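Chain residues, written in single-letter form:
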Amino acid sequence: ALEPIDFYVHAAFWIQGTLPASIFLAATFTTDGIVCGLASTLAYVANYQHVTRAHDIVPLRETFAVPLLYAQYALATYYLMAAGTLRVPARRACEGLMAALITAAVVSWQLAASVLLLQLTTMLVMHGLGRLPLDMYQRLVSTHIV
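Okay, so let's go over this structure. (Residues numbered from 1 in each chain as written. Predicted model: local features only at pLDDT ≥ 70, side-chain atom pairs only at ≥ 80, totals over all residues. Heavy atoms only, no water.)

## Let's talk about helix H1 (residues 4–31)
Here comes step 1: Its 28 residues give H1 an end-to-end C-alpha distance of 42 Å, which sits within 8% of 40 Å, the value for a rise of 1.5 Å per residue.
Here comes step 2: Listed as buried for H1 are Ala 11, Ala 12, Gln 16, Leu 19, Ser 22, Ile 23, Ala 26, Ala 27 and Thr 28.
Here comes step 3: Those residues of H1 hidden inside the fold are in contact with helix H2 (34–46), helix H3 (48–51) and helix H4 (62–81).
Here comes step 4: Of the residues flanking the end of H1, it is Asp 32, one or two places downstream, whose phi is positive at about 60°. (Helix = DSSP H or I, 4+ residues; strand = E, 2+ residues; numbered from the N terminus. Expected span 1.5 Å × (residues − 1). Buried < 20%, exposed > 50% of the residue type's maximum accessible area, 1.4 Å probe, protein only. Contact = heavy atoms within 4.5 Å.)

Right, dumping it as structure tokens:
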């Protein structure tokens, strides 16, 4: 018979399993090369104990939030890199998925809001330097406000 704690532990491990994939995708989208994605993922695996404090114990809230934030980073990286080629339905799907990932991360970890504020500040600096157009900046900010 499964206990409720079994669901929690299994869900935590499944969500943690998505973290290397998110790191791989973010690095691959950023550098436009699979080798860099593999190197980033291998660096994560080699330094796992230094990456998170959640490696020995499961019931930390960040166990759920950090993989969701990395998935949002990978999606935001794809969104920024493919900005000129995304059609409206795909762009809206990316924005909706980013909003859902952000909401899930904020609900599961109280420090996620601080991490997302840093992300918004970075986007503001990118806009100020002319690297992020105003319309895209506004759409990305709207995904954080939801």
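From this point, things continue past the structure.
## Thoughts on the environment of Glu 95
Here comes step 1: Tracing the sequence through the fold places Glu 95 in helix H5 (residues 88–108).
Here comes step 2: For Glu 95, a relative accessible area of 14% translates into the label buried.
Here comes step 3: C-alpha separation for the pair Glu 95 and Val 51, spaced 44 residues apart in sequence, amounts to 28 Å.
Here comes step 4: Among the polar contacts listed, one links the side chain of Glu 95 to the side chain of Tyr 79, at a separation of 2.5 Å. (Polar contact = N/O pair within 3.5 Å; in protein donor to acceptor, adjacent residues only side chain to side chain.)

## Quick notes on the layout of surface pockets
Here comes step 1: Roughly 220 Å³ of volume is contained in the largest pocket.
Here comes step 2: Around the largest pocket sit Tyr 73, Ala 76, Thr 77, Leu 80, Gln 119, Thr 122, Met 123, Met 126 and Leu 140, which together line it.
Here comes step 3: Among the secondary structure elements, those contributing two or more residues to the lining of the largest pocket are H4 and helix H6 (112–128).
Here comes step 4: Residue composition of the lining of the largest pocket, by class: 6 nonpolar, 3 polar and no charged. (1 Å grid on protein atoms, 1.4 Å probe; cavity = no way out; pocket = protein on both sides within 12 Å on 5 of 7 lines; lining within 4 Å. Points joined across faces, edges and corners; volume = space filled by probe spheres on them. Nonpolar A, V, L, I, M, F, W, Y, C, P; charged D, E, K, R; others polar.)

## Some remarks on the packing of aromatic side chains
Here comes step 1: Under the definition given, this model contains 4 aromatic pairs.
Here comes step 2: Measuring from centroid to centroid gives 5.2 Å for Tyr 8 and Phe 64, while their planes differ by 55°, and the two rings are tilted. With Tyr 8 in helix H1 and Phe 64 in helix H4, this residue pair connects regions lying 56 residues apart in the sequence.
Here comes step 3: Residues Phe 29 and Tyr 78 carry aromatic rings whose centres are separated by 5.2 Å and whose planes lie at 50° to one another, so their mutual orientation is tilted. Within this pair, whereas Phe 29 is found in helix H1, its partner Tyr 78 is found in helix H4, the two being separated by 49 residues in sequence. (Phe/Tyr/Trp six-rings, centres within 6.5 Å; stacked < 30°, edge-to-face > 60°.)

## Quick notes on the environment of Thr 77
Here comes step 1: You can see Thr 77 is positioned in helix H4.
Here comes step 2: Thr 77 sits 64 residues away from Val 141 along the chain, and the two C-alpha atoms are 14 Å apart.
Here comes step 3: When neighbours within four sequence positions are excluded, Thr 77 is seen to be in contact with Ala 26, Phe 29 and Thr 30.
Here comes step 4: Only 2.7 Å separates the side chain of Thr 77 from the backbone oxygen of Tyr 73, close enough to count as a polar contact.

These figures come from the coordinates and say nothing about function on their own.
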